[in-house]
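Summary of the model geometry
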Amino acid sequence: MNDPQIFHPQQIEDTVINLAKRGYILDRNLLSELIERKKKLQIEEEILQNNRNQISKEISFKIKDTDVSDLKNHVIQINQRLESIKSEVEAASKALEAFYLDIPNLLHHSVHVGESDADNAVIKTVGHPKVFNFEPKDHVELGQHLNGINFSDAVKISGSRFVILQGQIAKLNRALISFMIDTHVNRGYTELNVPVLVKKEAMYGTGQLPKFADDQFMLERDQLSLIPTAEVPVTNMVRDEILSEDELPKKYVAYTSCFRREAGAYGKDTRGMIRVHQFEKVELVKIVKPEMGEDELESLLTDAENILRLLELPYRVVSLCSKDIGFCSQKTYDIEVFLPSQNTYREISSCSHFGTFQARRMQARYRSPHYKKPQLVHTLNGSGLAVGRSLVAVIENYQQPDGSIIVPEVLIPYMHGQKIITP
RNA sequence: GGAGAGAUGGCUGAGCGGUUGAAAGCGGCGGUCUUGAAAACCGUUGAAGGGGGCGACUCCUUCCCAGGGUUCGAAUCCCUGUCUCUCCGCCA
């Protein structure tokens, strides 16, 4: 949620322009109508409450030696009016709240305007796409050849868009996870193991609800959602907290399974494990002081890139354009890894700075000696990295003509010395 | 799953249905004292929303787990839910 301040007359022009870059047209008339309506009703409610409190207090003074039935009746009358006003206030607040919850975060000024992912700007390219002197296979073929990736049994037990890893590929997957976590811990992140089922409040806190309900798996009976990313449980750890300044920044790394319905992705990436309902991800989350937000995004990106550098995989970094940036984010970098089978770069990490957008929803604040009131924190997160896609990238980039896979140098210790994967 | 206990401010912990937004202690902040620090002493110290004033500020409403109810009036009484703890059962 945005700071309501940005809708005040002095700022609203800028706000309208900013939101329009995303394609969001702010209904200014409706907004001011909703605000005025709520304010008016609220003042009326408070006057009535004040009346009631005054008279009740008067009763307490007089009740011992005076007849107070007139006063009592008066309060009863007030309460009757209060009841209807209260429901009106509630309706007005809800309407305004719903309106606010639907407005995306303001874009950072450095974000460029664009219509789709085709307009994202390549910031840098690291390494070069490998040149193969043979026709590279894709991970599906390689995985079957190595008896390491099993779709048919996964489909049998869970349906499409699920996958089973087995044998050496399962081990390689586990090696990747451990390598990523260890690397991040060495750079100052605290390792967490968190629940993958969360309450609705948590999903609201980080912005997956109310707008994106179709994207998640939800356990109706228990009113719990399967997390689409570790961002949800980890970031929500600071929900309703007032932190002290010296607790910041908080830097967490969490490895979890993630679950997505992929509702809008029918027919997209149907082959292989690029887009599945259940996948694994190592996630980085930062809770920081507002003035540090921008720098922390850059270092978060560096930390995510570091994994690809160490794995010696070719990648590039793109800055997302105005219409490709997520609803809650004010600025996002994607890291894309080169996949030989597709001869293109595919997203493997997304690093975002949310400003106070999530913090306001979560009421996540910190106390600073510079301010009288608690201040909202900034939240950031980024994949470090998506494990399944990393596995795909390793398999495809390190494949040999005979279909075997060279184990990347940094993973060899995690493979207990194994240097090559053969059938 | 069965039985019981509990949920109060940053923390610990009081709280007869009527100036209790809430005692006390701890912590935090400011000050006195000190060469400095500690100790001691004094003062101060919750949040959200709204109104008014250029402003230091001031006024009002709400908040004692959540949601209902009783009452002129609820932290306090009643119901429901959530969570925590203890015991029993079951189980990884």
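Residues numbered from 1 in each chain as written. Chains lettered and ligands numbered in written order. Predicted model: local features only at pLDDT ≥ 70, side-chain atom pairs only at ≥ 80, totals over all residues. Heavy atoms only, no water.

With that out of the way, let us pick up the overall build of chain A. Each helix and strand counted, chain A has eleven helices and 18 strands in total. With respect to the three principal axes, the spread of C-alpha positions in chain A is 100 × 45 × 45 Å. The buried share of chain A, reckoned over its 423 residues, is 49%. Taking the intrachain contacts of chain A between residues at least 6 apart in sequence as the baseline, contacts between residues at least 24 apart amount to 74%. (Helix = DSSP H or I, 4+ residues; strand = E, 2+ residues; numbered from the N terminus. Buried < 20%, exposed > 50% of the residue type's maximum accessible area, 1.4 Å probe, protein only. Contact = heavy atoms within 4.5 Å.)

What follows covers the sheet that holds strand E6 (residues 218–219). One open sheet accounts for three strands, arranged E5-E7-E6; its pairing is antiparallel. The open sheet terminates on both sides in strands that have one partner only, identified here as strand E5 (197–199) and E6. As paired strands, E6 and strand E7 (residues 224–226) are joined by two bridges and run antiparallel to one another. For Met218, the partnering residue across the bridge sits in E7 and is Ser225. (Pairing = 2+ DSSP bridges.)

Right, let's get into the protein's contact with RNA strand B. Gln42, Gln49, Val75, Asn79 and Arg365 are the nearest of the 20 residues found near RNA strand B. Backbone sugar and phosphate groups make up 74% of those atoms of RNA strand B lying within 4 Å of the protein. Note that a base nitrogen of RNA strand B is positioned 3.1 Å from one of the side-chain N or O atoms of Glu46. A distance of 2.6 Å separates a sugar or linking oxygen of RNA strand B from a polar atom in the side chain of Gln49. Elements represented by at least two residues in the surface near RNA strand B include exactly helix H2 (28–62), helix H3 (69–101) and strand E14 (365–367). (Near = heavy atom within 4 Å. Polar contact = N/O pair within 3.5 Å; in protein donor to acceptor, adjacent residues only side chain to side chain.)

This part covers the sheet that holds strand E15 (residues 375–376). Across the sheet, which stays open at both edges, the three strands sit in the order E8-E14-E15 with mixed pairing between neighbours. Two strands in the sheet have a free side with no partner beyond their single neighbour: strand E8 (242–244) and E15.

A few words now on the pattern of salt bridges. Applying the stated criterion across every chain yields a total of 19 salt bridges. The residue Arg346 makes a salt bridge to Asp269 at a minimum N-O spacing of 3.0 Å. You can see Arg346 sitting in strand E13 (residues 344–353) and its partner Asp269 sitting in the loop between strand E9 (250–259) and strand E10 (278–288), a full 77 residues away along the chain. Asp269 shares its class with Arg346; the two are buried. Residues joined in a network through salt bridges with shared partners are Glu262, Asp269, Arg275 and Arg346. (Salt bridge = Lys/Arg side-chain N within 4 Å of Asp/Glu carboxyl O.)

The next subject is the environment of Leu96. Counting through the fold element by element, Leu96 comes out in helix H3. Looking at Leu96, the relative accessible area reads 7%, which means it is buried. For the pair Leu96 and Ile35, spaced 61 residues apart in the sequence, the C-alpha separation amounts to 6.8 Å. Ignoring sequence-local partners within four residues, the contact set of Leu96 consists of Leu31, Leu34, Ile35 and Lys38.

Within the span of helix H1 (residues 9–22), buried status applies to Ile12, Thr15, Asn18, Leu19 and Arg22. Looking at the buried positions of H1, the neighbouring elements they touch are H2. Among the residues trailing H1, Gly23 stands out with phi positive, at a value near 95°.

Bringing the layout of surface pockets into the picture now. Empty space among the atoms becomes apparent when a probe as large as a water molecule is rolled across them. In this model, the second largest pocket occupies a volume close to 400 Å³. In terms of lining, the second largest pocket is formed by 17 residues, of which the most central are His8, Leu31, Ile35, Leu96 and Tyr100. Counting residues per element, the ones that place at least two in the lining of the second largest pocket are H1, H2 and H3. Here the lining of the second largest pocket is built from residues that sort into eight nonpolar, four polar and five charged. (1 Å grid on protein atoms, 1.4 Å probe; cavity = no way out; pocket = protein on both sides within 12 Å on 5 of 7 lines; lining within 4 Å. Points joined across faces, edges and corners; volume = space filled by probe spheres on them. Nonpolar A, V, L, I, M, F, W, Y, C, P; charged D, E, K, R; others polar.)

On domain assignment, one finds that chain A holds domain 1 (27–101) and domain 2 (117–421). A straight line from the C-alpha centre of domain 1 to that of domain 2 covers 49 Å. (Domains from an automatic or database assignment.)

Grouped together as the largest cluster of nonpolar side chains are 55 residues, with contacts concentrated most on Leu172, Met180, Leu308, Leu313, Ile335 and Ile395. Broken down by element, the residue count for this core peaks at eight residues, all from helix H6 (residues 167–186). Met180 has contacts with Val282, Ile307, Gly384, Leu385, Val387 and Ser390, leaving out every residue within four places of it along the chain. Listed in part, the 17 residues of the second largest apolar core include Val194, Val285, Ile287 and Tyr366. (Core = buried A, V, L, I, M, F, W, Y, C linked by side-chain atoms within 4.5 Å.)

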